[in-house]
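Residues per chain, in single letters:
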Amino acid sequence: MVGQVDSGSIWQKIKVEEKMNKPLRWVLASMVTIALLPELGWADDLPGTSQTSVATDTGLQELLQWADAHNPDIAVMNYEIEAAEGRIVPAGALPDPVLRVELMDFAGPASPNGFNVLPNRVGGTKYTVMQNFPLWGKRDMRTEIATAGVSEAKSRRIALLAEIHSKIKIAYAQLYQPFNLKKLNEEILALLQDIEAITRVRYSNGLVPQQDVIRAQVEKTTLRSEIITLEAEQKQARARLNAMAGRPQHDMVAEPRMLRRLPPEKFDAAMLPEKAQRNNPLLRTLDAQITAAEANQRLVNKNRYPDVTLGIAPTQRGGGIDGWEAMVEVNIPIRLDTRRAQELEASAMLGAAKERQQSLANNVMGELQETIAAYEAAREQELLVTNTLLPQAELTFRSALAGYENSKVDFATLLDAQRAIRLARQDKIRAQVEQEIRLAEIERMIGEEL
């Protein structure tokens, strides 16, 4: 571990003069312990260990699984998929047949029984059954359009699921940050309370100025203010998590002890854009729209050709059938201006779908590169804090501690040195959370987890 410190040497460095009372010696030792805890290798339960974790915290996995099963937006998409699947069979089916009944000579001088509408009492009754047959593959094209609608609905469901998962991961990371920052502040606040008590005693004995007591009180107040803000952030993150997962707002969320395991190395500059181009669910949705638009264009072009309607008509006279007729009906598509307008519309819709996909692809690629750059920056920031800033802050703190023991450094300088370590550890947590947020956004765009 970078900045490894021998714990024995630390305790030797915090030895104080014989005149210093034992409570102050204990507090200063505790101060070193809390400030340098990550460097002593005791930070398995504290922030800064997400990269070495073996598995994702179960709280996050449970939230993701619950969202899959209970999020109402996903349930809506499931119903829309069912509705789209229900359109396939009707799209390719023949239209319903038509039955026509004609009563002949049911009134007037030629009526055998005067005015009468009973089929066996009129001059004749013709029963005509007609069936329309769309030709030229029109039914297959309608089926293709309906099938593309199912693919589009499924892709939209995948896109929605990816977005919800991304938001849950981000909200979980945003819950992790205030939770661990609050834990760190509470530890230091407890220490400052002991320091204040001892500085009061030393001040009453004339060993330190009153400013030491006031400075400790100011530092405590600052920490309490930060804790209030962090508690509000925790509540907001829990509310977002429950909302995204479709859970009641009063349900509790497990305390986030660790973040997910982050990729150990930098991303392949060519791999992620290729995956996004291939798997991005929004792009796949537009693929389905283009397929449907192409099939619709072919269908509209086929409307230039006529359909055929076949019919058969038995004729009843009295109590029996005494004749049969057959018929063939063909529509005449002579409204060429209407056809051209429909074809122009279909062509424009296809062109719009293709341009929409290209525009989305450009946006996805641009957003992906921005997110990768932000992820790498957060990664470098964490490495800088871990390898440089924390060791430097540690040396500064030890120097200030030694100076305070020998009355060469005032209490304010010691607090400033301790605050530098605390801020460095906070920056490390924020950098890790930023990486987690950016990773969730990258996974949403490439359509898979890394």
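Scroll up to find the structure this text is about.
Read on for a plain summary of the structure. Here the structure is a predicted model, which means the values were calculated and not measured. (Residues numbered from 1 in each chain as written. Predicted model: local features only at pLDDT ≥ 70, side-chain atom pairs only at ≥ 80, totals over all residues. Heavy atoms only, no water.)

Quick look at the overall build of the protein chain now. The number of helices and strands found in the protein chain is 11 helices and 4 strands. Taking all 450 residues of the protein chain together, 43% fall into the buried category. Partitioning the intrachain contacts of the protein chain with sequence separation of at least 6 by distance along the chain shows that 81% fall at a separation of at least 24. Carbon and sulfur atoms form 55% of the exposed surface of the protein chain, whose accessible area is close to 23600 Å². (Helix = DSSP H or I, 4+ residues; strand = E, 2+ residues; numbered from the N terminus. Buried < 20%, exposed > 50% of the residue type's maximum accessible area, 1.4 Å probe, protein only. Contact = heavy atoms within 4.5 Å. Areas by Shrake-Rupley, 256 points an atom, 1.4 Å probe, with all protein chains shown as cover.)

Let us now look at the sheet that holds strand β3 (residues 308-317). Two modes of strand pairing occur in sheets, parallel and antiparallel, and in both the strands are linked by backbone hydrogen bonds. Pairing within the open sheet is antiparallel, and its 4 strands lie in the order β1-β2-β3-β4. Each having just a single partner strand, β1 (98-104) and β4 (320-330) make up the two edges of the open sheet. This sheet shows a mean twist of 20° between the axes of neighbouring strands, independent of strand direction. Examined bridge by bridge, β3 and β4 share 10 bridges and lie antiparallel to one another. Counted as the bridge partner of I312 is A326 from β4. (Pairing = 2+ DSSP bridges. Axes fitted to C-alpha atoms, helices over the stretch in contact; angles between N-to-C directions.)

A word on helix α4 (residues 72-86). Over its 15 residues, α4 runs 21 Å from end to end, which matches the ideal 21 Å to within 8%, given 1.5 Å per residue. Looking only at α4, the buried set comprises I74, M77, I81 and A84. Across the axial projection of α4, the buried residues extend over an arc of 70°, all falling on one side. Looking at where α4 begins, the residue whose side-chain oxygen comes 2.9 Å from the main-chain nitrogen of D73 is N71. (Expected span 1.5 Å × (residues − 1). Arc of directions from axis to C-beta. Polar contact = N/O pair within 3.5 Å; in protein donor to acceptor, adjacent residues only side chain to side chain.)

Moving on, we get to the layout of surface pockets. Approximately 210 Å³ is the volume found for the second largest pocket. Around the second largest pocket, the lining is made up of 14 residues, and of these A162, H165, E443, G447 and E448 lie nearest the centre. Listed by contribution, the elements that provide at least two residues to the lining of the second largest pocket are α6 (138-204) and α11 (411-446). With 6 residues, the single largest contributor to the lining of the second largest pocket is α6. Partitioning the lining of the second largest pocket into residue classes produces 5 nonpolar, 4 polar and 5 charged. (1 Å grid on protein atoms, 1.4 Å probe; cavity = no way out; pocket = protein on both sides within 12 Å on 5 of 7 lines; lining within 4 Å. Points joined across faces, edges and corners; volume = space filled by probe spheres on them. Nonpolar A, V, L, I, M, F, W, Y, C, P; charged D, E, K, R; others polar.)

Right, let's get into α6. Counted at 1.5 Å a residue, the expected span for α6 with its 67 residues is 99 Å, and the 98 Å between its end C-alpha atoms agrees. G206 occupies a position one or two residues after α6 and carries a positive phi of about 75°.

Our focus in this paragraph is the nonpolar core. If you look at the biggest cluster of nonpolar residues, it comprises 21 residues, and the most contacted ones within it are L192, F397, F411 and L414. Elements that contribute at least two residues to this core include exactly α6, α7 (210-245), α10 (336-405) and α11. In contact with L192, other than residues within four places in its own chain, are E219, K220, L223 and L415. With 17 residues, the next largest nonpolar core counts M77, A171, Y172 and A245 among its residues. (Core = buried A, V, L, I, M, F, W, Y, C linked by side-chain atoms within 4.5 Å.)

Quick look at the packing of α6 against α11 now. It is at 8 Å that the axes of α6 and α11 come closest, and there the two elements cross at 170°. Classified by the angle their axes make, α6 and α11 are roughly antiparallel. Classifying every residue of the contact of α6 with α11 by side-chain character gives 15 nonpolar, 9 polar and 9 charged. (Parallel < 35°, antiparallel > 145°, perpendicular 65-115°, else oblique.)

Inspection of the secondary structure puts E345 in helix α10. What makes E345 partly exposed here is its relative accessible area of 47%.

What follows concerns a nonpolar patch on the surface. On the surface, L99, V101, L103, F106, F115, V117, V129, I312, I321 and W324 cluster together to form a nonpolar patch covering roughly 990 Å² of accessible area. At the level of elements, β1 and β4 are the ones that each hand at least two residues to the nonpolar patch. In terms of residue count, β1 provides more of the nonpolar patch than any other element does, 3 residues in total. As for its placement among the helices and strands, F106 is situated in the loop between β1 and β2 (124-133). Note on F106: relative accessible area 33%, which makes it partly exposed. (Patch = residues over 30% accessible without salt bridge, like charges linked within 9 Å, V, L, I, M, F, W, Y side chains within 5 Å. Salt bridge = Lys/Arg side-chain N within 4 Å of Asp/Glu carboxyl O.)

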